[in-house]
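Listed below are the residues making up each chain.
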Amino acid sequence: MDIKELYQEIILDHGKNPRNKNICKDFNKDAKGHNPLCGDKVHIFLKLSNEKKLENISFEGEGCAISMASASIMTEIIKGKQFNIAKKIQEDFLNMIKEGSKLNMNSLSDTENMTMMSLSGVKRFPMRVKCATLAWHTFIEAVEGNKKIVNTEN
Ligand code: ZN
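Everything quoted here is computed from the prediction, not taken from an experiment.

Remarks on the pattern of salt bridges
Applying the stated rule across the entire model yields six salt bridges. The residue Asp13 makes a salt bridge to Arg19 at a minimum N-O spacing of 2.7 Å. A salt bridge links Lys47 to Glu55; the shortest N-O distance between them is 3.2 Å. For Lys47, a relative accessible area of 26% gives the class partly exposed. Judged by its relative accessible area of 39%, Glu55 is partly exposed. In the salt-bridge network here, residues are joined through shared partners; they are Asp13, Arg19 and Glu76.

Looking at the pairing of strand S1 (residues 29-35)
Both S1 and strand S2 (residues 40-48) contribute to a ladder of seven bridges, which runs antiparallel. Bridged to His34 within S2 is Lys41. Between S1 and S2, which follow one another and run antiparallel, lie four residues, and Gly39 among them has a positive phi close to 90°. Across three bridges, the pairing between S1 and strand S4 (residues 149-151) is parallel. Note on S4: the bridge partner recorded for His34 is Asn151.

Let's talk about helix H5 (residues 126-144)
Between its first and last C-alpha, H5 extends 27 Å over 19 residues, near the 27 Å set by a 1.5 Å rise per residue. The largest bend in H5 is about 45°, located at Thr133.

Regarding the pairing of strand S3 (residues 54-62)
Where S2 and S3 come together, eight bridges link them in antiparallel fashion. Residue pairing across strands places Lys47 opposite Asn56, the latter belonging to S3. Count of turn residues in the S2/S3 antiparallel hairpin: five residues, of which Lys52 carries a positive phi of about 65°.

Quick notes on the coordination of the zinc ion
Taken together, the protein donors to the zinc ion comprise Cys38 (SG), Asp40 (OD), Asp40 (OD), Cys64 (SG) and Cys131 (SG), at separations of 2.2 to 2.6 Å. Positions of the donor residues of the zinc ion, expressed as sequence spacing, correspond to C-x1-D-x23-C-x66-C. Note that Cys64 is positioned in the loop between S3 and helix H2 (65-78) and Cys131 in helix H5, a separation of 67 residues in sequence.

Re the sheet that holds S1
Strand order in this open sheet of four strands is S3-S2-S1-S4, and the pairing throughout is mixed. Of all strands in the sheet, those bounded by a partner on one side alone are S3 and S4. When the angles between neighbouring strand axes are averaged without regard to direction, this sheet yields 20°. In the packing of H2 onto the sheet, the strands contacted are S2 and S3, and the crossing angle to S3 comes to about 175°.

Thoughts on the nonpolar core
Ranked by internal contacts, the top residues of the largest apolar core, which has 43 residues, are Leu46, Ile78, Met116 and Phe139. Elements with a contribution of two residues or more to this core: helix H1 (3-16), S2, S3, H2, helix H3 (83-99), helix H4 (110-117) and H5. Per element, the largest residue contribution to this core is ten residues, and it comes from H5. Those residues within four positions of Met116 in sequence are excluded, and the remaining contacts are Ile73, Ile77, Ile89, Phe93, Met96, Leu103, Leu108 and Trp136.

What to know about unusual backbone geometry
Residue Asn20 is not a glycine yet carries a positive backbone phi of 55°. Here Asn20 is to be found in the loop between H1 and S1. Among the residues examined, Asn20 registers a relative accessible area of 18% and is labelled buried.

Calculation criteria
Residues numbered from 1 in each chain as written. Predicted model: local features only at pLDDT ≥ 70, side-chain atom pairs only at ≥ 80, totals over all residues. Heavy atoms only, no water. Salt bridge = Lys/Arg side-chain N within 4 Å of Asp/Glu carboxyl O. Buried < 20%, exposed > 50% of the residue type's maximum accessible area, 1.4 Å probe, protein only. Pairing = 2+ DSSP bridges. Helix = DSSP H or I, 4+ residues; strand = E, 2+ residues; numbered from the N terminus. Expected span 1.5 Å × (residues − 1). Bend = angle between axes of the 7 residues up to and from the residue. Donors = N, O, S within 2.8 Å, 3.2 Å for Na, K, Ca; no water. Axes fitted to C-alpha atoms, helices over the stretch in contact; angles between N-to-C directions. Contact = heavy atoms within 4.5 Å. Core = buried A, V, L, I, M, F, W, Y, C linked by side-chain atoms within 4.5 Å.

Read these as geometric descriptors, not functional statements.
Have a look at this one:
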């Protein structure tokens, strides 16, 4: 299996069996995201502790396979991490998707790295970049924002 096929498998797996797709009961922050160009909608729920640790994170939503797989991958990767680390991962992910750069985070395991890299092919399809980044922007808004709705066209 070559790397492209492996990446495809990972995306399909997350699309079919999304991780953390529910409303986590203990959430204390949330935000909604909308990508009108594709119709993707995502609602992120998370529990941030006083020490700024992401004790829980989950999502609800509907949309294309890329948007849902990306939300699933994000929750899997950042759950349990400190927010400042998760924010660096988010920035690293956005650079990879938009600029095609390699991931720089050296605190990620090989599996985590590969799971995030599975979405790297999206860069060649500008319309899909918004699908892949929607959940990640919405996550930051949930922590730092004022519950406004993230809209990829604003
Ligand atoms: Zn989409």
